[in-house]
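Examination of the molecular architecture
Here are the chains, one letter per residue:
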Amino acid sequence: MVAKVLQVNVRLSEGGASGVARTLHDSLPTHGFESAMAYGYGPSGAASPLEDEYDALRLTSRPAAAVNMIAHRMRGEEVVAPGRARLAALREAIRSADIVHLHAVHSYMMPPTGLMKMLAAEAKPVVWTMHDQWLMTGRCAQPGACDGWKTGCDPCPHLEAYPPATLDRAAVQFTRRRQAFEDLGLASDARVVACAEWLAGEMRTAGFRDVRVITNAVDGAFWDAVQSSPKEERDDVEPRYLFMSRDLRDPVKVDLPMLRTLAGKVPGRVTVVGDRLAEPIVGALHLPAVQDRSEMVRIMRDHSHLLFFSKVDYYPLTIAEALTAGLRVIASPSPAAREFEADERVRVLVADDEWEGVLDQPSEPTTADTLPDTLFDPQRMTAEYASLYREMLP
């Protein structure tokens, strides 16, 4: 009998967590598992454009997502659960699954503590991949340098951290989250997986036990596109810098002032890929966000270096994709970027004020120490999760 896994994530077609969930869904049948998908909502609260392709169960209506956004700002947690029909469909999906795999279940989908209580009542084995630090904190998912979670998030000094809040109820929610997770662990076999070594270390510091590490992989379409198109050596030696972000308005991942400075000063070409650029960057080539994976590989391989500014990622797939495609990486200092420092193609700056000097004279590789290509293979990631599932099955 084939075991069934239910993947649950707030989004289906956007973000790194959804990419990992879709990759597992696509690959699990080759490892002897069936997979189903449940998600919150798509762009602007509507259905995801991938809903039909994945036969996915949508949990959150647009009005419910809007109310939950307001409630989170005021109360620190969502208050609207799925409607009667959707809730019944979710409960049936949980009952028909052998394992429930949670990814990101915060950010206006439904009350996460309510979801944990539902899973505890069904007593199904649960794998919960931490793509961020939501479960560690009392309010936000991306605390950055804030370590208030060590003392119960009382008070919260950064109400603007995603997802933002107006009132500080972090200390109350901290206790509720921890208690709900403890109750889930008492009712069923609940395993926590961190997507990065550094995140696992912080989770252990926060008191979580038996944290396993399974790092993210690129998706199957990207991996196949790389394998089917060997990189061609360029005749010119002039560096070509690439920056990619789906939404160029995101200030925690996109340093537009630095991009403007670099585009006007550094040798070589600077290409910026993404949507919603407020005004052109003089000296840079701007391309819209790319969905087609073969086209993304082609763009990456037309460049020599990836520029990475984000300090709120955990195991950034953009870096994994760049290394898979053969690029070098220059990154702002962050624990997520340092996760890749074993690869000599990755240079993590000591401080942000190093950017201009580094790009004036980009360093060349001097050794052959690189991370193995198989590290980013989606089959490697799927095999590790499949092994964990088998441990948990009767």
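Refer to the structure printed above.
Residues numbered from 1 in each chain as written. Predicted model: local features only at pLDDT ≥ 70, side-chain atom pairs only at ≥ 80, totals over all residues. Heavy atoms only, no water.

Attention now goes to the environment of M244. With respect to the element layout, M244 can be found in strand β8 (residues 240-247). A relative accessible area of 13% places M244 in the buried class. As a C-alpha pair, M244 and V254 span 10 residues in sequence and 8.9 Å in three-dimensional space. If sequence neighbours within four positions are ignored, M244 has contacts with V273, M296, M300 and L306. (Helix = DSSP H or I, 4+ residues; strand = E, 2+ residues; numbered from the N terminus. Buried < 20%, exposed > 50% of the residue type's maximum accessible area, 1.4 Å probe, protein only. Contact = heavy atoms within 4.5 Å.)

The next thing to look at is helix α11 (residues 317-325). Counting buried positions along α11 gives eight out of nine residues, so the element sits mostly inside the fold. Following α11 by one or two positions, G326 has its phi on the positive side, about 95 degrees.

On to the sheet that holds strand β6 (residues 190-194), then. Read from one edge of the open sheet, seven strands run β3-β2-β1-β4-β5-β6-β7, paired in parallel fashion. The sheet terminates laterally at β3 (57-58) and β7 (212-213), the two strands that pair on one side only. Sheet topology note: the strand β2 (residues 33-39)/β3 ladder contains two bridges and is parallel. Across the sheet, Y39 pairs through a bridge with R58, a residue of β3. Seen against the sheet, helix α1 (residues 16-27) touches β1 (3-9), β2 and β4 (99-102) and runs at an angle of roughly 150 degrees to β2. (Pairing = 2+ DSSP bridges. Axes fitted to C-alpha atoms, helices over the stretch in contact; angles between N-to-C directions.)

On to the pattern of salt bridges, then. All told, the structure shown has 16 salt bridges when counted by the stated rule. For E122, the salt bridge is made with R95, and the minimal N-O distance between the two is 3.0 Å. A residue pair is termed long-range when its members are at least 10 positions apart, and E122 in helix α5 (residues 112-122) and R95 in helix α4 (residues 84-96) qualify at 27 residues. The exposure class of R95 is partly exposed, given its relative accessible area of 48%. Here D247 and R249 are joined by a salt bridge, their closest N and O atoms 3.0 Å apart. We classify D247 as buried; its relative accessible area is 19%. Several salt bridges share partner residues, and in doing so they unite D189, R191, R212 and E391 into one network. (Salt bridge = Lys/Arg side-chain N within 4 Å of Asp/Glu carboxyl O.)

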